[in-house]
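Take a look at the letters that make up each chain.
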Amino acid sequence: MEIPDFMSYANKFSQSEFVEKISRIAKRAGSKLVYAALILYYTLQSDKVSKTNKAMIIGALGYMISPLDVLPDAIPIVGLSDDLAVLIYVLKKVWTDVDPEIQEKAKKRLSKWFDEDEIEEIHDLFKEE
């Protein structure tokens, strides 16, 4: 899948809209998408992250929040695949800025929406589907 111009969505990001959307779509989106989104969200809050990486994260999270993207989220099964592709792309770019504490915080938050079997899927986060 080709990565869309997610940076044009930076103005779509807000913390409140992120929290609202991730809570609403968690089960449908799956643990991998939610985990990637949470890691990026928590990484964005770190003062150790460069402005360039923060800009990429904001663009990716804005793309996820926006209802107007390449594949509309309402389309069953494939509607969130472009969101996941963008999140994984950016996560790979900023991975060196992701502290183990951030990974644990994101994993702990997953337990609000997913059971242990579903959380196991995050171990192959960077594996192509």
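Everything discussed here concerns the structure shown above.
Residues numbered from 1 in each chain as written. Predicted model: local features only at pLDDT ≥ 70, side-chain atom pairs only at ≥ 80, totals over all residues. Heavy atoms only, no water.

Caption draft 1: Highlighting the nonpolar core. Of all hydrophobic cores here, the largest spans 43 residues; its most connected members are Phe18, Leu33, Val34, Leu40, Leu61 and Leu87. Elements represented by at least two residues in this core include exactly helix 1 (15-29), helix 2 (31-44), helix 3 (51-65), helix 4 (81-94) and helix 5 (100-110). With 11 residues, the top contributor of residues to this core is helix 2. Once residues within four sequence positions are removed from consideration, Val34 is found in contact with Ile22, Ala26, Ala29, Leu110, Trp113 and Phe114. (Core = buried A, V, L, I, M, F, W, Y, C linked by side-chain atoms within 4.5 Å. Buried < 20%, exposed > 50% of the residue type's maximum accessible area, 1.4 Å probe, protein only. Helix = DSSP H or I, 4+ residues; strand = E, 2+ residues; numbered from the N terminus. Contact = heavy atoms within 4.5 Å.)

Caption draft 2: The packing of aromatic side chains, seen in detail. The tally for this structure, following the rule as stated, stands at 3 aromatic pairs. Taking 4.8 Å as the distance between ring centres and 85° as the angle between the ring planes, the aromatic pair formed by Tyr9 and Tyr63 counts as edge-to-face. One end of the pair, Tyr9, is in the segment before helix 1; the other, Tyr63, is in helix 3, and 54 residues separate them in sequence. Judged by relative accessible area, Tyr9 falls into the buried class, the value being 17%. Overall, the relative accessible area of 1% leaves Tyr63 in the buried class. With a centroid separation of 4.4 Å and 15° between ring planes, the pair formed by Phe18 and Tyr41 is classed as stacked. Here the residue Phe18 occupies a position in helix 1, and Tyr41 occupies one in helix 2, the gap between them amounting to 23 residues. As far as burial versus exposure is concerned, Phe18 and Tyr41 are alike and both buried. (Phe/Tyr/Trp six-rings, centres within 6.5 Å; stacked < 30°, edge-to-face > 60°.)

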